[in-house]
Each structure stands twice: as structure tokens, then as C-alpha cells.
Amino acid sequence: MFSFKNYIAVTSLEEAYDELLKNKKNIILGGTSYLRMGNVAYNTAIDLSNLELDYIKEGETCIHIGAMASFRDLEINEITQQLFDGVLDRCVRGILGVQFRSNVRVGATVFSKYGFSDLIPTLLAMDSTVVLYKGGEISLEEYLKEESLRRDILVEIKIKKEGRGSFQSIRKSKTDYAITNTCVTKIDNKIRVAIGVRPGKAVLSYRAMEILNNNERTEEIIDRACEAMSEEISFGSNMRGTAEYRRAVSKNLVKRAIQEVL
Ligand SMILES: Cc1cc2nc3c(=O)[nH]c(=O)nc-3n(C[C@H](O)[C@H](O)[C@H](O)COP(=O)(O)OP(=O)(O)OC[C@H]3O[C@@H](n4cnc5c(N)ncnc54)[C@H](O)[C@@H]3O)c2cc1C
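Now for a quick tour of the structure. (Residues numbered from 1 in each chain as written. Predicted model: local features only at pLDDT ≥ 70, side-chain atom pairs only at ≥ 80, totals over all residues. Heavy atoms only, no water.)

**Observations concerning the overall build of the chain**
No. 1: Check the secondary structure of the chain and you find 11 helices and 12 strands.
No. 2: In terms of overall dimensions, the chain is globule-like: its C-alpha atoms have a radius of gyration of 19 Å, near the 18 Å expected for 262 residues.
No. 3: Taking the principal axes of its C-alpha atoms as reference, the chain extends roughly 60 × 45 × 30 Å.
No. 4: Residues counted as buried form 52% of the 262 residues belonging to the chain. (Helix = DSSP H or I, 4+ residues; strand = E, 2+ residues; numbered from the N terminus. Rg over C-alpha atoms; globule rule 2.2 N^0.38 Å. Buried < 20%, exposed > 50% of the residue type's maximum accessible area, 1.4 Å probe, protein only.)

Okay, here's the thing in C-alpha cells:
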């Protein structure tokens, strides 16, 4: 279990950020499900609960998801249920139980770039952007490419309103982490293919996307794109599966997802 010396429920993002910078051992609290798995002693725990960041709302061009929205919110909110054929609901629905999903937060997850995440590849395929308190707005694609974690606060995620989507994953048992997963979307007739749990952090398959977006999408082209994805993306091994297994399964998941969005 993690511990901390001081606790502060901030009343503004500015206060949260100032507090975060005061000490290397100060941390932002999300739902704390992940923090509780560690045994780290922190200095000050900064709670964002009073900042009303648990929203999911529709703007003129985008859907805005606040950092403190929970996975359960993604599942039951009418906006996210409709968005991209409900991929946000589908990607989190299988993660442990309702109590757990009511506790874990979107902002904590995306900020941390977890390689095992089901949500991050989905948001990546949706061409989302992240809004950071200090760093401003950047695409999730660019954010994930950064090796280290910034000293910043994730405020919200922005997602375009229109698109089709399919999320596919495979697990050994219902409550385990995924062995691998994928999300494919179609936005303005452009396909995006994201692969997660490689088991490293989620990436796009640029070669698959190039093939699918520059050719008529016949069965043969879809197979070529899946083959190109499996050559381009690096997969690794861990206790849940070997790199070869992940590569083989991923090809099939991607094919299924492409067919679904088409
Ligand atoms: C037992 C277990 C099983 C899981 N299984 C799955 C699974 O199958 N699939 C899946 O996708 N995920 C899974 N997860 C991960 C889970 O879905 C969340 O991604 C994870 O718990 C982080 O969310 P949290 O709210 O608990 O974050 P916390 O534990 O509160 O925080 C995690 C980190 O994020 C930082 N942080 C929090 N909020 C912010 C913010 N707004 N800005 C900047 N930094 C912030 C914290 O300081 C901390 O470093 C699992 C987690 C656990 C504990």
C-alpha cells in the first residue's frame, strides 16, 4: 500500500500544479487503484476531486472527457455509448468489476501511458488529443511517443465527434490483463489502426494505414495491410504470451476490426 505525509484537496488546477512542483515526491491522485498496488512513500497527495473534472460533454466539434471521469462513466454515458459505435464502452467493459471501473480514472490512465491499457489504443485510434495543464493540447499520438512522463496534470481528453470504430482484444481469463488488443477507426473515410498490449505502450501501424487509405479496400488489400502491420509493429513476450503468439493473434484481431468498421 502506498502512503503519504500530507493530503491536500485543491480548489484550482493552478494550486494543484504549484503543489506538484514543490517536491519530487508529491503526486496527483486519480482513483488510486494503481497507486495502491505499489509500496511507495510519497510526500503530498494532491486530490483533484473538488475540481469537477469528472465530466463527459459535447462541444461544437469535439467530445470532452474530464480527467476524473471514471471507466464506468465511459460505459454508461449516453455520449460515449454512441461515439464511434460505442468503442469506449466496449474497451473498458471487460475490465474487472463495476466497483473497480467506477473508481479508476481516465486522466490517470492516459497520463501514465500504461502498456497493458485497453483504453489508450482505443483513444489513439480515435485520433484524440490530450490537454495538459502546463503543456497545453497535443495529440495522444505525439504524447505517447515521448519516452518519459512529464511533470504535469492531464486535464481532459478531446475526441472528434464523427467516426466508426471497432475494439478487439483477447484475454486468458475474464479478469486478467489483455494478451493483446487493437482498435480500428474510420474517420472521414480514413482508417486508423492502433495496437495495444504488445505488451509495450500503444502504437499506430502506419504501414497498414497507408495501404488501407491508398487502395480500394478489397479482401486482398485488407490481408496485405494486416501482414504489413505484423511486420512493422514490434511485439514482445511476457507471462501472458510470446511475441510470436501476439503477432499471430494481432493479425486476426486487426482484420476483424477492419472488416467491422468497413
Ligand atoms: C488490479 C488491476 C487490474 C487492472 N486491469 C486492467 C485491465 O485489464 N485493462 C486496463 O486497461 N487497465 C487495467 N488496470 C488499470 C486501470 O484501468 C487504471 O488505468 C489504473 O488503475 C490507473 O487509474 P487510477 O485511477 O487507479 O490511477 P491512480 O492509481 O490514482 O494514479 C496512477 C498514476 O497517475 C497519476 N495521475 C492520476 N491522475 C492524474 C492526472 N489527472 N494527471 C497526471 N497524473 C495523474 C498518479 O499520480 C499516478 O502516478 C488495472 C489496474 C489494477 C490496479
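**Thoughts on the packing of aromatic side chains**
No. 1: Taken as a whole and judged by the stated rule, the model has 9 aromatic pairs.
No. 2: Residues Phe2 and Phe4 carry aromatic rings whose centres are separated by 5.7 Å and whose planes lie at 50° to one another, so their mutual orientation is tilted.
No. 3: Residue classification places Phe2 among the buried positions, given a relative accessible area of 11%.
No. 4: The partly exposed category is assigned to Phe4, whose relative accessible area is 36%.
No. 5: Connected via pairs of aromatic rings, a cluster forms that spans Phe2, Phe4, Tyr7 and Tyr42.
No. 6: In this structure, Lys57 packs its charged tip against the face of Tyr55, placed 4.2 Å from the ring centre.
No. 7: The lysine or arginine in question, Lys113, covers the ring of Tyr143, its NZ or CZ lying 4.3 Å from the ring centre. (Phe/Tyr/Trp six-rings, centres within 6.5 Å; stacked < 30°, edge-to-face > 60°. Lys NZ or Arg CZ within 6 Å of the ring centre and 35° of its normal.)

**Focus on the nonpolar core**
Most often, soluble globular proteins have nonpolar side chains that are buried together.
No. 1: In this structure, Ile65, Val110 and Leu119 are the most contacted members of the largest nonpolar core, which totals 60 residues.
No. 2: The element that contributes the greatest number of residues to this core is helix H10 (residues 219-232), accounting for 6 residues.
No. 3: Residue-level mapping places this core at the junction of two domains, with at least three residues from each of domain 2 (56-160) and domain 3 (164-261).
No. 4: Filtering out sequence-adjacent residues up to four positions away, Leu119 remains in contact with Phe71, Leu74, Leu88, Cys91, Val92, Val106, Thr109 and Val110.
No. 5: In terms of nonpolar packing, the next biggest core, distinct from the first, is built from 14 residues, Ile8, Leu20, Tyr55 and Val155 among them. (Core = buried A, V, L, I, M, F, W, Y, C linked by side-chain atoms within 4.5 Å. Domains from an automatic or database assignment. Contact = heavy atoms within 4.5 Å.)

**Notes on the side chain of His64**
No. 1: With respect to the element layout, His64 can be found in strand E5 (residues 62-66).
No. 2: On the basis of relative accessible area, His64 is assigned to the buried category, the value being 16%.
No. 3: Here Glu156 takes part through its side chain, which lies 2.9 Å from a polar atom of the side chain of His64.
No. 4: Residues within four places of His64 in sequence aside, it is in contact with Tyr55, Ile56, Lys57, Gly59, Glu156, Ile157 and Lys158. (Polar contact = N/O pair within 3.5 Å; in protein donor to acceptor, adjacent residues only side chain to side chain.)

**Thoughts on helix H11 (residues 243-261)**
No. 1: The end-to-end C-alpha distance of H11 is 26 Å, a good match for the 27 Å that 19 residues give at a rise of 1.5 Å each.
No. 2: The set of residues buried in H11 consists of Ala243, Arg246, Val249, Ser250, Leu253, Val254, Ala257, Ile258 and Val261.
No. 3: Where H11 is buried, its residues contact strand E9 (164-171), strand E10 (178-187), strand E11 (190-196), helix H9 (206-213) and H10. (Expected span 1.5 Å × (residues − 1).)

**A short note on the packing of H9 against H10**
No. 1: Taken N-terminus to C-terminus, the directions of H9 and H10 make an angle of 165°; their axes are 7 Å apart at the nearest point. Considering their axes alone, H9 and H10 lie roughly antiparallel with respect to each other. The two elements H9 and H10 meet at a crossing, and its hand is right-handed. Of H10, the residues touching H9 (which contributes Tyr206, Arg207, Ala208, Ile211 and Leu212) are Ile221, Ile222, Arg224, Ala225, Ala228, Met229, Glu231 and Glu232.
No. 2: In the contact of H9 with H10, the residues fall into 9 nonpolar, no polar and 4 charged. (Axes fitted to C-alpha atoms, helices over the stretch in contact; angles between N-to-C directions. Parallel < 35°, antiparallel > 145°, perpendicular 65-115°, else oblique. Left-handed = near helix turned anticlockwise from the far one by under 90°. Nonpolar A, V, L, I, M, F, W, Y, C, P; charged D, E, K, R; others polar.)

**Overview of the environment of Leu96**
No. 1: As for its position among the elements, Leu96 is in the loop between helix H4 (87-92) and helix H5 (98-103).
No. 2: Residue classification places Leu96 among the partly exposed positions, given a relative accessible area of 41%.
No. 3: In this structure the C-alpha to C-alpha distance between Leu96 and Val184, which are 88 residues apart in sequence, comes to 23 Å.
No. 4: Among residues more than four places away in sequence, those in contact with Leu96 are Arg101 and Thr175.

**Some thoughts on a nonpolar patch on the surface**
No. 1: Judged by side-chain polarity, Tyr34, Met37 and Tyr177 come together as a nonpolar surface patch covering roughly 340 Å² of accessible area.
No. 2: By secondary structure assignment, the location of Tyr34 is in the loop between strand E2 (27-29) and strand E3 (41-47).
No. 3: Of the residues examined, Tyr34 reaches a relative accessible area of 43% and is grouped as partly exposed. (Patch = residues over 30% accessible without salt bridge, like charges linked within 9 Å, V, L, I, M, F, W, Y side chains within 5 Å. Areas by Shrake-Rupley, 256 points an atom, 1.4 Å probe, with all protein chains shown as cover. Salt bridge = Lys/Arg side-chain N within 4 Å of Asp/Glu carboxyl O.)

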